[in-house]
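Listed below are the residues making up each chain.
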Amino acid sequence: MKNALKYWFIIAGLCLMASCEDDGEDVSYSLPETYNFENVNYSGQTTRLDMMAEMTTYMKTGNEGAVLDAQKLKNMYANLNNPFENSGLNTASKDLKSKTFELDRSMFEGFMEALAEASTATQEGSNGVAGVVSSNDGSKKYLMDENGVEYTQVIEKGLMGAVFYYQATAVYFSEEKIGPAVDNTEITEGEGTAMQHHWDEAFGYLGVPQDFPSNTEDARFWGKYGNDRNDLLETNTIMNDFIKGRAAIVNGDMDTKYEMVNSIRNKWEMISAGTAIHYINSALNNFADDALRNHALSEAWAFVQSLKYNPDRRISLDQIEEIQQLLGNNFYEVSTADLNGAKDLLAELYEMESIQNDL
């Protein structure tokens, strides 16, 4: 994992009319209360979220002692050879691999191989020994490698970053997808204009229902973690931005569209950084419990990794690597001093010092 960084990379009070002020700007057109626009389609994104969910379910069977098949995982990743229980996913013309940040695809396949190898262990996991590790009270069990890495978490949360977050913030918000050369006149039934459709596809990767955040039960992946951080970071306001940006495109208001791009990128980054701090806190609070500590650190590592995929990120690649080095290559041997150092650095970079212990 230490070499991975060589490569780059609720609407409470949302108003219906133009007099509403959001992010300091007024608009002269109506804003819907939900993501309710004509000709919206992000079914491809929903399909990929479904693929990730089924892949995660399969990986978690390793926590109960199942031997995992690396090739099956790679097939699920690339959607080859009918790997899904949901037959509709097998026939879909979608996959996760081709949408992953290109230079990190082989890294994730390496993680799948490592997970499958760990699942062949026949003894309880411990420092230097791969296997299932149980929490001190016996209520939790996680499959880990000999260094305490839970690859199920690294793969799931890592792909949330390298696919969902990357595609939304770096690909669909790029000039090639929503810039001035992209058509915003000709409407395709069910999809809208090309620019509208690309915006909708970015929204689809957030993983929230159209009536979020009044409906939080159906939020998943990034939407779920954003909702978890909302009390301290007000991250659910990202929904306001998606609605306002889509309305701006419909009304030809390109200045507001770009303002919303910047705001969404910033808030999505705060979700990832805040969640990384949350899991470092969890590791510190459960430091004497190998299973819970390592589980939390595996998630923290992946959320820090995800920070690199935002083209407007406030953190440098060197700082990401520094934080991951503090988290350590062997989670059994990490120190509280290093974990606090990683947390402090993240909190400073993201101006979360006053709430870092509460996340």
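Here the residue numbering is sequential within each chain, running from 1 through the sequence in written order. Whole-chain, interface and lining totals are the exception, using all residues; otherwise, since this is a predicted model, local features are given only for residues with pLDDT of at least 70 and side-chain atom pairs are given and counted only at 80 or more. Heavy atoms from the whole structure form the basis of all side-chain values; hydrogens and water molecules are not counted.

Student: Could you clarify how one ought to interpret the overall build of the chain in this entry?
Tutor: A run of H or I in DSSP becomes a helix once it reaches four residues, and a run of E becomes a strand once it reaches two; helices and strands are each numbered from the N terminus. Looking only at helices and strands, the chain has 13 helices and 4 strands in total. Throughout, radius of gyration means the C-alpha value; the globule benchmark is 2.2 Å times the number of residues raised to the power 0.38. Radius of gyration (C-alpha) of the chain: 21 Å, near the 21 Å computed for a compact globule of 359 residues. Overall, the chain is about 65 × 50 × 35 Å in size when its C-alpha atoms are taken along their principal axes. Exposure is judged per residue with a 1.4 Å probe applied to protein chains only, and the accessible area is read against the type maximum: over 50% gives exposed, under 20% gives buried, and values in between give partly exposed. Residues classed as buried in the chain amount to 57% of the 359 residues present. Accessible area of the chain: about 14600 Å², with a carbon and sulfur share of 42%. In this tally Asp and Glu are treated as negative and Lys and Arg as positive; neither His nor the chain ends contributes. Where a charge lies is defined by one atom per residue type: Lys uses NZ, Arg uses CZ, Asp uses CG and Glu uses CD. Charge-centre separation for the chain: the mean point of 27 positive side chains lies 5 Å from the mean point of 57 negative side chains. Here the open area of atoms and residues is found with the Shrake-Rupley method and a 1.4 Å probe, where only the protein chains shown may cover a residue.

Student: Before we go on, may I ask you to explain the pattern of salt bridges in this structure?
Tutor: Oppositely charged side chains are able to pair whenever their charged atoms sit close together. Salt bridge, as used here: a side-chain nitrogen of Lys or Arg that lies within 4 Å of a carboxyl oxygen of Asp or Glu. One pass over the structure, following the stated rule, counts 12 salt bridges. Close ionic contact of Asp104 with Lys308 constitutes a salt bridge, the shortest N to O distance being 2.9 Å. Residue Asp104 is found in the loop between α3 (87–90) and α4 (105–118), and its partner Lys308 is found in the loop between α11 (290–306) and α12 (317–327); the two are separated by 204 residues along the sequence. An identical accessibility class is assigned to Asp104 and Lys308; each is buried. Taken together, the shared-partner salt bridges connect Glu156, Lys157 and Glu299 into one network.

Student: Is there a simple way to think about the pairing of strand β4 (residues 141–144) in this case?
Tutor: Within a regular strand, the side chains alternate between the two sheet faces. Sheet topology note: the strand β3 (residues 131–134)/β4 ladder contains 4 bridges and is antiparallel. Bridged to Val132 within β4 is Leu143. The hairpin formed by β3 and β4 contains 6 residues between the paired strands, and Gly138 there has a positive phi angle of roughly 80°. A pair of strands is labelled paired if DSSP reports no fewer than 2 bridges between them.

Student: Looking at this structure, I do not really get the environment of Asn75. What am I missing?
Tutor: Structurally, Asn75 is set in helix α2 (residues 70–78). Classification of Asn75 as buried rests on a relative accessible area of 10%. Look past the residues within four positions of Asn75 in its chain and what remains in contact with it is Leu80, Asn81 and Pro83. By definition in these notes, contact holds between two residues if any of their heavy atoms fall within 4.5 Å.

Student: Looking at this model, I keep getting lost on the nonpolar core. Mind explaining?
Tutor: Soluble globular proteins tend to pack their nonpolar side chains together in the buried interior. We call a set of buried Ala, Val, Leu, Ile, Met, Phe, Trp, Tyr and Cys residues a nonpolar core when their side-chain atoms join them within 4.5 Å. Core analysis: the biggest nonpolar cluster contains 103 residues, and Met55, Phe164, Trp199, Phe242, Trp268, Leu346 and Met352 have the highest contact counts within it. Per element, the largest residue contribution to this core is 14 residues, and it comes from helix α5 (residues 151–172). In this structure Leu346 touches Ala276, Ile277, Ile280, Val304, Leu307, Ile315 and Ile323, once residues within four positions along its chain are discounted. Counting 5 residues, the second-largest nonpolar core is a separate cluster that includes Val133, Tyr142, Ala291 and Tyr332.

Student: Explanation requested: unusual backbone geometry in the structure shown.
Tutor: One can expect most non-glycine residues to show negative phi and most peptide bonds to be in trans. A cis amide bond links Phe212 with the next residue in sequence, Pro213, at an omega value of 5°. Residue placement: Pro213 occurs in the loop between α7 (194–204) and α8 (222–233).

Student: So what exactly am I meant to see when it comes to a negative patch on the surface here?
Tutor: On the surface, a cluster of negative charge is contributed by Asp344, Glu348, Glu351 and Glu353. Within the secondary structure, Asp344 is located in helix α13 (residues 336–349). Nonpolar side chains (Val, Leu, Ile, Met, Phe, Trp, Tyr) within 5 Å and like charges within 9 Å form the patches, drawn only from residues with over 30% relative accessible area and no salt bridge.

Student: Got a minute to help me understand α7 in this structure?
Tutor: Judged by how many residues are buried, α7 sits mostly within the fold: 10 of 11 residues are covered. Buried residues of α7: Met195, Gln196, His197, His198, Trp199, Asp200, Glu201, Ala202, Phe203 and Gly204, and no others. Taken together, the buried residues of α7 touch α1 (43–60), α5, α6 (175–178), α9 (238–250) and α10 (254–285).

Student: Which parts of the structure should I look at to understand the side chain of Asn294?
Tutor: Take Asn294: it is sitting in helix α11. For Asn294, a relative accessible area of 0% gives the class buried. Those residues in contact with Asn294, other than ones at most four positions away along the chain, are Met144, Gly148, Phe331 and Tyr332.

Student: Honestly, the side chain of Ser298 in this entry has me stumped. Any pointers?
Tutor: For Ser298, the position within the fold is in helix α11. Counted as a polar contact is a pair of N or O atoms within 3.5 Å, where, for protein atoms, one must be capable of donating a hydrogen and the other of accepting one, and residues adjacent in sequence contribute only when both atoms are in side chains. At a separation of 2.9 Å, a polar atom in the side chain of Ser298 contacts the main-chain amide nitrogen of Glu150. For Ser298, the contacting residues outside a window of four places in its chain are Gly148, Val149, Glu150, Gln153, Val154 and Phe331.

Student: Hey, could you run me through the confidence of the model for the chain in this one?
Tutor: Atomic detail in the predicted coordinates should be set aside for any region of low pLDDT. Per-residue confidence from the predictor is given as pLDDT, running between 0 and 100. Of the residues in the chain, 93% have a pLDDT of 70 or more, and the chain-wide mean is 94. In this model, residues 2–24 is a region of pLDDT below 50 whose contacts with residues beyond four sequence positions or in other chains number 67 contacts.

Student: Just checking my understanding: could you explain α13 for this structure?
Tutor: An α-helical turn contains 3.6 residues, so any two residues separated by three or four positions project in the same direction. What a helix should span is 1.5 Å times the count of its residues minus one. The first and last C-alpha atoms of α13 sit 20 Å apart over 14 residues, in line with the 20 Å expected at 1.5 Å per residue. Buried within α13 are the following residues: Leu339, Ala342, Lys343, Leu345, Leu346, Ala347 and Leu349. On the buried face of α13, the contacting elements are α10, α11 and α12. In the stretch just after α13, Glu351 is the one whose phi turns positive, near 55°.

Student: Is there a simple way to think about the environment of Ser316 in this case?
Tutor: Along the chain, Ser316 turns up in the loop between α11 and α12. Taking the relative accessible area as the measure of exposure, Ser316 reaches 31% and is therefore partly exposed. Placed 33 residues apart in sequence, Ser316 and Leu349 show a C-alpha to C-alpha distance of 10.0 Å.

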